[in-house]
Structures are given as structure tokens and as C-alpha cells.
Amino acid sequence: MPMNRYLIKYTKTDNMKYISHLDLMNVLLRAFKRAKIDLAYSQGFSPHPKISTAHPLSLGIESIGEYLEVELQVDLLPDAIASAMKHQLPRGIELTEIKKVTEPMKSIASIVEVSGYLISFYNDSLTADELREKIASYLSLDEIQMIKISPKTKKEKVLDIKPLIYQIDVLDHTDEENYFLLSVLLKTGSNGNLNPMALMENISDKCSLNIDRDRLSIMRKEMYGIKEEKRVRLIDII
Amino acid sequence: MSLKKDIEKILLRVEKPARYIGTEINSVLKDKKDYKAKFIFAFPDTYEIGMSHLGMQIIYHALNEDKDIFCERVFAPAVDMENIMREKNIPLFSLESMEAVRDSDMIGFTLQYELSYTNILNMLDLAGIPFYAKDRDESYPFITVGGPCAYHAEPLADFVDFCILGEGETLNVEIMHRYIRWKEKNCPKIEFLKEIATIKGVYVPSFYDVQYNEDHTVKSIDKLYDFLPDKLEKYIEEDLDKAYYPEKFIVPFIDVVHNRGIIEIFRGCTRGCRFCQAGMIYRPVRERSFEKITELRDKIIENTGFDELSLISLSSSDYSKIDELVTNTMKKCRAENISLTLPSLRLDSFSFKVLDEIQSYKKSGLTFAPEAGSQRLRDVINKNITEENIYFAVENALQLGWGSIKFYFMIGLPTETNEDLDGIVEIAEKVMEIFKNMKDKKSKRLNVTVSVSNFVPKPFTPFQWFPMATQQELTEKKEYLFKKFYKMKNVKFNYHDISTSFIEGVFARGDRRLSKVLVKAHELGCKFDGWREKFDYQKWEKAFSETGIDPQFYANRRRDYEEIHPWSHIDVGVTDKFLIRENEKAKAGELTTDCRNQCVSCGINTQYLCFTKDNKSKAGNAHE
């Protein structure tokens, strides 16, 4: 069983929303190096550091619920990791919870099932109740079709995304006039994945909302796995 | 500031928005009330290219160490960003504060290569700053240039307020101090220029008047004031251990061309290759001490977290303690899981054991630069490499398991014939033969790349009088080689675009009359000329014809020794006598030794201290 394995919950907000997932990995690696926290390396011809994430976040989306797992060369207290990293992380990345993994656990990428997002968008032609009605009828469709274009073959495929949507709530509270807030739960991970941007394009189209991309912002709030048939935050899985 | 908000609104519309946000680790942000003057370091290419530039990191941190100075960065916005900026009236802004660069005190463009000049104009345009110095009133920031091409930047002379000749880590700070004092006095800009014009390393083009002959050659270059020097001298750092060097590098968030910690181990070069401008303008050699290098190295690793480190110079195998330095650094890098790169290793003093250790992380390709295909031509250009050197190195490389070798050559060199081109092909053939016959080789296959570029004669080199080969001639040479390499399996042949090199050749030895060509080229839409997919030769042809300038006058004309060059009033320390002597030796195919072995009287030691083997720098005497 691998030693010194940690599950870390972190944020990607502020200016960090402008960098890609791959770039974020390098940012984290360099931060660990500056913090003098030695990561364990894989064996073989091209050793790489043992760090991986639950699920990549698209550029442009913020998050306060990201997860990574990392294996260190030494045994450190979570608090020690947090304080060493605090001064090395750029603004927008914070390690909010750290737990040592003491029992055998599959990779978090294979455990993650659901993501919760908070979505804010501009619309000046609807009331909140009208929006709720539209969302309700959207969710009541037998099938919600989405066209997916394969990036490699450029072929079009029609998907039913209804099974990938667990929940869409229109929230009461908005800070700005004509901005609506949605709280959504979507399937995430290798067993099925719905990108929140793709969802919003689909809703905009099917509900005739004309959502302006420049006035749409998305934040991932949390990621969940399934434990004993219940949805559990990834940090609580262990 | 509302500009920041305007920028943030559009960032998600462009590719790689992180190019424009700053806030990287080790970047600096100062509050308006905390500094007295703002300097913008402007790199006239994209973020990814500019962030790989060592000079910017040095000057940026040197200036920011001073509490009265705030140095920010700006890069050429990518085309998608530029389009949105123009659409939304967002002026060119600096990365740190996201304020308009037009409102800064001074903007310094680094001139790394001539093909970046249209980007400079484009950036001024985006900033809302008039191109010509005479059109800028007291409200505009000072525009200055530095870097290698600043020694012969006459095509930009009418645009800039002053040029920095030489090394900037101390000089830039001094200039900013003078600027702050001038600012407090509230007097016109010309007073500031008059004051700094007497500082060694500062050249104010508007203070020198150029007259032309009827045939468009330079008739005279006359200073306007008595107190000005007749010849502009460069400023150099005499002691690299004492000179400022950053212990922190800005760490980009995104992937850039070179994302690594860099330590410059020495400046200058003693080899004397005749085509090489860097080898002439960066004299004399000054080494950083072993202790200083290792100290900087350790601090940079600690402060950046880079997983790659690079020791750089013009010819690293010549560093007096190279073996010790590499051994020591390899040990450190292995312990920290950092890979080490050591570019600019010369073929003839190649230490394979060392390179094998360095490259054990990744057996990427090995590169050699014979530059010319025949010994005769290599002697003409004073590139001291024999065929034995080449094949010995190849054998070693193959034995140690390298599977990929790249050779760099030039075409269009002085006295070149088809026989010399045949030599290039023969080298590739011989290398493949060595591979085929080698018994104890480690790799199953060998990929050879032959990369050929077009020789551009540069000012301050022995070949500065030489006419560049015409585009027609270069095309013929390229096709000659292409036909031969086409038949060779496992050998890839790369060449550079000839019309691009031609434009480089025009501006490298250009004069002030070219400024209107640049303005016209910009008007026609020329930008990112160094990028193959963006370079548009037809626009350049139009720019020349519409301004009535013949580009061949600059690139393809043979000059005689009596001619006054547009850069004749600039003194890099190497004498014309030396360059002429070297040019004559080139024609006779005679070699000149590495001056670490013996002084070759280039003239540099009449002004500066030269590096000697026992590291006790002594001023010598020039022979003539």
C-alpha cells in the first residue's frame, strides 16, 4: 500500500480561472517544490511525480471544490503541508482541506461521480418564476438531446443528457439585477460526464433563453462520490 | 481602475488569457504612492516568446529592487486579443497594474531581431503613442530601445528618444535615477536627453544629423552639440560577480518556450567566428565565478521551483571551470529532481561523459553547428571545426545511445561554391555510414536533421561589407541541396524562408531612410514578421515600392572599406582595422586563433579589461 498519500481539497478562483488544467498541475508542482515538500516519483525510464486530480476543470470556470491526491516522500502532518504551501501558492489557489489517506482507496478520478456547480447568467426578459417553469418543463422531457462533435473525427453524435443531470434549482438570491443563479448537480468522471458550459448552451437553446456567453459565469462548488448509495463529498469519502 | 474591468470582461474571449494577467510568482506590484517613476519593459513578441528572454528578467528585477522605480512588462498582444482591444478601445496595457502604457514614464523595447520592428510600431499604435519622436509632445513617455540590434538601430532612429548601447542592469537604473531628478525639476524633455546623452552607453539619435550622398550612401554623421561624443561607446559590466543578477525569476503560469531557471555563466566569446555578431559586440569575455554561479543557482531553484535549469553563454565549453561546474550542478539537480540543459556546447571541446550524464533524463537530440560543409569554407568563416572533430563526436554520441542528431549550416556564405554545398551532403552521408558500420551502437535507428539557414551579413563583423546573396542565388542553392537530400532516407532537410531572411538583411544594415518603409509596412498590415505563417512578403514589396526605397541597396550591395556605414558612429570596442584584417584573412582562407590563446588585437583591450587564462584581467596593448 502506498505510504504518505494525501487527499487535498483546493480552490481555483480569481486569476487562476484563466489557466488550463495542465498549466495548473505545473503551478502546483512548482509550489510543492518551493515549499520543499518532496513528491514521490514513479519508477521507470521517465519518472514523473505522483500527483493526480479528480477531474479536469475547463478554463474559464472557477472552483472552490477541486480535489487532488498526492504521494509524498515523507510523512507530514496535514497542517504542516498547509502552512508550508500557504506562502507558495498564487492568489486564487488555497488548500482548504487536507487528509491523509490511511486505508486502501481507488484513485479519486475513479471515485468521483457528481459535481455541484453554481451558475450565474444574465437575462432581462424573464422573472424567476418564469425561469423555474422553463427549467421544470426542460427536466420533464423524456429525453434531452445534445449534439456532441467528436474533436478528433469531427463526427456528430446525438446524446441524451437527461441521465447526466441530477438537479437544477433556480435560487432566490441574486446580487445583481437580471442575473439568475442556478445550482446544479451533474454527472462527472470517467463513467459519464456533462460539462456545465455544454449544459447551459443546451438549456439556452431549448428554453430560448439567449444566454450571453460574456455574462455567464460558472463555479464548481463541490465534488462527490457515492458511498453506501449516498452522495458524499470527496473529502468525506475517507 | 475601469480599464482593468474592461480588460477582465474580454479575457475569456481570447486564447490563453493568462498571457495578459500578470500576477505570476515573483512578479512585482507596487502601489502608486510607493514609487516615483514607472518603466515599462516592452518585448515586441508574444508572452510565450518574451518570458523566455533572460535580459528581461535581469532588468525587471534590477529596476524593481529600487524602491523608487516600478518596472512592469508588456508583450505584443496576439492577433485575437489585438482585434478585441481595437474593437473595445482598450489601449495597450502593462501586465502588473493593467494600466495604459501610454501613462508610464518610459517604455523600453528590446531589439532582439530586426523582424520584430513592425511589432514595435504596432504596439505604439495600440498604445496611442505617435511613431515619430518629433510628433510626441511633453505628455508622452520616453521611448527607448536596447538589446543587440540597438547597436545598429538606425531604421528606428526617428522613432526613439534614445538607445541604450550595451548592458543594462546598472545603466537602466542610473538612467531612471536621472529621470526622477529631471521629473522633479519640471523642465522640457530635451533637457533630460541632453543630460543623458553624455552618459557612456546612451545614444540620442536626434542629436546626430545624417547626410547622404547622391548614391544614397552616408556622406556624414554630425553631432549637433559640442558636448556630445563623436563616437558612441557601449556600457558593459566589468565584474559580473558584482553586477546585479536576479535570485528570483518570474515564473509563468502557462507554458512558454523556455520555462526554466537560467544562469548566465559568462558574457562575450573569444572564438572569433567571422559571421557572428554576438561574438564581436559582447566582447570582452567576462566570467562569473564558480562560487557566484552556484550561489545564484541554489537561490533560483529555491525561489522558483522550476524543474529545469540552464547554464548559458555563447560558448559554454570555454568556461574556465566547466567540468567542475557541471559536475557540481548535476549533483544538485539530481538531488532536486531537476533536469539540466547546457546549450552552446562547442563540438571540438565536447565532453561526452558530462553530456551523457546531463541527458540521462531525456535523450533528446544532439545539435552540432559546423555552419559550412567544407573545411575550406569553415576556415573562411573561422569556424574552427575539422571533419575529425565532427565524426569523433558523432561516434561518441552513437555509442552512448543518441538516436537523433541535428546539424546547422548556412548558405550564402562569402566565397561559397557548389563544392562547399556538396560538403554538407557529404557530412550527412558520412554520418549515416558511420551509423551503419558501427558495431557497439546503442540505438536502433538514427535520425539526422540538416537545418540550413540563410547567411545575413551583420554590422560590426568582418563580413559587414559583404553583399548578401540575392534571393535568386539563395533559392538556387536551396534547390541544389534539396535535390540531393531528397534521395536520402532518414535525413531530414530543413531550410529557412528566403524572403524573410532578405528583409532581415535589409534592416540589419539599414539607415534612417527605412523608417518610412516600416511605417508603410505597418499600415499595410505587417506584423509578427518573425512568424512564418504571419510574414507576408508581398506587403513588404508594396511597402518598398510605395516609399521608393530599393531594398537591394541595403542587403545585396558590396560596400568598400572607405564607405561610412549608418552605424559608423557607434563603437563596440572592436576596431575597423581588425575587421578589415579579418575580412582579408577570410578571403585567403586563413584562420585566426581563439584569443584566449593569444591576443589577436581586436582593439577591445584598449578600452576594457580582457579575460586571461589565469583570470587576472590585464589591459594589453593593441598591435595597431
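Residue positions are given per chain, counted from 1 along the sequence in the order it is written. Lettering of chains starts at A and numbering of ligands starts at 1, both following the order in which they are written. Where local features are concerned, this predicted model is filtered to residues with pLDDT of at least 70; where side-chain atom pairs are given and counted, the filter is 80 or more; whole-chain, interface and lining totals use all residues. Excluded from the side-chain calculations are hydrogens and water; all other atoms, namely the structure's heavy atoms, are used.

### So, the sheet that holds strand 15 (residues 366–371) of chain B
All names here are of chain B.
Phase 1 of the analysis: Any two strands with at least two DSSP-identified bridges between them are counted as paired. Here a strand is any run of E in DSSP of at least two residues, a helix any run of H or I of at least four, and the numbering for each starts at the N terminus. Within the open sheet, the four strands sit side by side as 15-16-17-18. Their pairing is parallel. The sheet terminates laterally at strand 15 and strand 18 (491–495), the two strands that pair on one side only. Looking at each pair of strands side by side, their axes are set apart by 20° on average, direction ignored.
Phase 2 of the analysis: The pairing of strand 15 with strand 16 (residues 404–411) spans four bridges and is classified as parallel. Residue pairing in the sheet places E371 in a bridge with F409 of strand 16.
Phase 3 of the analysis: The criterion used for residue contact is that any of the two residues' heavy atoms lie within 4.5 Å. What counts as an axis is a line fitted to C-alpha atoms, over the stretch in contact for a helix, and the angles between N-to-C directions run from 0 to 180 degrees. Across the sheet, helix 14 (residues 418–437) is in contact with strand 16, strand 17 (447–454) and strand 18; its angle to strand 16 comes to roughly 170°.
Phase 4 of the analysis: Packed onto the sheet, helix 15 (residues 471–486) meets strand 16, strand 17 and strand 18 and runs at close to 170° relative to strand 18.

### Observations concerning the environment of I49 of chain B
Residues and elements named next belong to chain B.
Phase 1 of the analysis: Within the secondary structure layout, I49 lies in helix 2 (residues 47–50).
Phase 2 of the analysis: Classification of residues uses two cut-offs on accessible area relative to the type maximum, computed with a 1.4 Å probe and protein chains only: under 20% is buried, over 50% is exposed, and between them is partly exposed. With relative accessibility at 29%, the residue I49 sits in the partly exposed group.
Phase 3 of the analysis: Along the primary structure I49 and V257 are separated by 208 residues, whereas in three dimensions their C-alpha atoms are 6.0 Å apart.
Phase 4 of the analysis: Not counting residues within four places of it along the chain, the set of residues in contact with I49 comprises F43, V257 and W531.

### Points about the interface of chain A and chain B
A common measure of how large an interface is: the accessible area buried when the components associate.
Phase 1 of the analysis: In this assembly, 17 residues from chain A lie in contact with 23 residues from chain B.
Phase 2 of the analysis: Once two parts are brought into contact, the accessible area they lose, counted with a 1.4 Å probe and summed over both, makes up the buried area. With both chains or domains summed, chain A and chain B bury close to 1900 Å², and 58% of this area falls on carbon and sulfur atoms.
Phase 3 of the analysis: When residues of chain A are sorted by the area they lose upon contact with chain B, Y18, R30 and R34 of chain A head the list and together hold 35% of the total.
Phase 4 of the analysis: Throughout this description, the term salt bridge denotes a Lys or Arg side-chain nitrogen within 4 Å of a carboxyl oxygen of Asp or Glu. Put simply, chain A and chain B have two salt bridges between them.

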